[in-house]
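What the coordinates show
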Amino acid sequence: MDTAPKKITTAHLRQRKAAGEKIVVLTAYDVAFARLADRAGVDVVLVGDTLGMVVQGQASTLPVTLDDMIYHARAVVRGVTRAHVVVDLPFMSYQVSVEDGLRAAGRLMKEGGAEAVKLEGGEEAAELVARLIAIGIPVMGHVGMTPQSLHQFGGFKVQGRSADQRQRILAGARALADAGAYAIVIETVPAPLAAEITAAVAVPTIGIGAGAACDGQVLVMHDVLGLDPNFGARFVRRYAELGREAERAFAAYAADVRSGRFPSPDESYS
Ligand code: KIV
């Protein structure tokens, strides 16, 4: 009997932690790649605000707007039938007031088709998390090297090395879990800290650059596929070199057009 769930829910993700089964999370930003990730059995598709960097070519996630997130979420949702779809709240859509955050999250759900929202921050985000959950919006937290605080950190740097940072990140993760977050992303922290958080909270932790002890892992799709051959980071493993392959295909196409080899009679109508 096939016991695999037809649709992954937040409840399934909690069960995975209890059962010690790893959770697979991957970002996606459009229908074609979201469909492939879903077919491949990825558990959670994250429409990340990394789209500012990998799709829009910006230097950070800060310029991404709520409308950008809704646009990409709508495309991703059309390609997914089984995976759980979570969408990032972009910078300044939730930091000023709880009301802003409620409205922004509502738009991601109502207009974007999100099944949950993700937001960055620890203790300072707990009130919003609790309010979102109270109105029926599941929340994934995000602690550690939270990219929307890039300039506060002075770059994309490992967080949680000092005792102060360690305490703040651990307290933040506990506060998110206590407020009702169903999962917590832990980004670019020392592996022992991620292991400590994973043991301390009852909800699944999803690591990126946070070691193997997390309950699941997330990577940016473009990094997994090697779409930008010039980008690399210690925590990224490339599973394909699609960037190089795409460049090769484009060059072959250009050569065929220029030499008259494309289109052939078989590729033309009589
Ligand atoms: O925006 C994003 O893609 C993310 C992941 C890197 C966790 O937040």
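Residues numbered from 1 in each chain as written. Predicted model: local features only at pLDDT ≥ 70, side-chain atom pairs only at ≥ 80, totals over all residues. Heavy atoms only, no water.

A short note on a nonpolar patch on the surface
This is how the line gets drawn: Patch definition: residues with relative accessible area over 30% and no salt bridge; like charges joined within 9 Å; nonpolar side chains (Val, Leu, Ile, Met, Phe, Trp, Tyr) joined within 5 Å. Areas reported as accessible are Shrake-Rupley estimates using a 1.4 Å probe. Residue values count occlusion only from the protein chains shown. Just to be clear on terms, a salt bridge is a Lys or Arg side-chain nitrogen sitting within 4 Å of an Asp or Glu carboxyl oxygen. Only runs of H or I of at least four residues qualify as helices and only runs of E of at least two qualify as strands under DSSP, and these elements are numbered from the N terminus.
Residues F91, M92 and V96 make up a contiguous nonpolar surface patch of roughly 270 Å² in combined accessible area. Among the structural elements, F91 can be located in the loop between β3 (84-88) and α5 (98-110).

Digging into the pairing of strand β5 (residues 139-144)
The condition is simple: Buried, partly exposed and exposed residues are distinguished by accessible area as a fraction of the type maximum, computed with a 1.4 Å probe on protein chains only: under 20%, between the cut-offs, and over 50%, respectively. By this definition, two strands are paired if DSSP reports at least two bridges between them. The handedness of a crossover follows from its direction of travel: if, with the strands pointing away from the viewer, the path from the first strand over the helix to the second runs clockwise, the crossover is right-handed.
With respect to burial, β5 is a largely interior element, six of its six residues being buried. Here β5 shows two buried faces, one formed by V139, G141 and V143 and the other by M140, H142 and G144. As judged from the two bridges shared by strand β4 (residues 116-118) and β5, these two strands associate in the parallel manner. Paired with V117 across the strands is V139, a residue of β5. In this region the chain leaves β4, passes through helix α6 (residues 126-134) and returns to the parallel neighbour β5; the handedness of that crossover is right-handed. Strand direction decides the pairing type here: β5 and strand β6 (residues 183-187), joined by five bridges, are parallel. When the bridges of β6 are listed, V143 appears paired with I186.

Thoughts on unusual backbone geometry
Between F262 and P263 the backbone carries a cis peptide bond, its omega angle lying at 0°. At T188, a position not held by glycine, the phi torsion is positive, near 45°. Residue position: T188 is located in the loop between β6 and α9 (191-200).

Observations concerning the site of the ligand
Using the following cut-off: Distances are taken per atom, and a residue is near a molecule or strand as soon as one of its heavy atoms is within 4 Å of it. For this analysis, a polar contact is any N or O atom pair within 3.5 Å, provided that within protein one partner can donate a hydrogen and the other can accept it, and provided that sequence-adjacent residues contribute only side-chain to side-chain pairs.
With respect to spatial proximity, the complete set of residues near the ligand consists of T27, L46, G48, D49, T50, D88, K118, H142, V185, I208 and V218. Between the ligand and T50 there is a distance of 2.5 Å, counted from an oxygen atom to a side-chain nitrogen or oxygen. Between the ligand and D88 there is a distance of 3.0 Å, counted from an oxygen atom to a side-chain nitrogen or oxygen. For the ligand, whose unbound accessible area comes to 260 Å², protein coverage reaches 97%.

Notes on the packing of aromatic side chains
Here is the rule: The rule is short: rings of Phe, Tyr and Trp, with Trp giving its six-membered ring, pair when the centres are within 6.5 Å, and they are stacked under 30 degrees, edge-to-face over 60, tilted in between.
The final tally for this structure, using the stated rule, is one aromatic pair. Seen in terms of ring centroids, Y253 and F262 are 5.9 Å apart; in terms of plane orientation they differ by 70°. Their pairing is edge-to-face.

Side note on the nonpolar core
To keep it simple, the criterion reads: Take the buried Ala, Val, Leu, Ile, Met, Phe, Trp, Tyr and Cys residues and link them wherever side-chain atoms come within 4.5 Å; each set so joined is a nonpolar core.
Among the nonpolar cores identified, the biggest contains 75 residues, and L108, L119 and L132 are the most heavily contacted of them. A per-element tally of this core places helix α8 (residues 163-179) first, with seven residues.

A short note on the environment of T146
For clarity, the cut-off: Whether two residues touch is decided by their heavy atoms; if any such pair falls within 4.5 Å, the residues are in contact.
For T146, the position within the fold is in the loop between β5 and α7 (150-153). The exposure class of T146 is buried, given its relative accessible area of 6%. Along the primary structure T146 and Q159 are separated by 13 residues, whereas in three dimensions their C-alpha atoms are 9.0 Å apart. With sequence-adjacent residues up to four places away left out, T146 is seen in contact with E120, G121 and F153.

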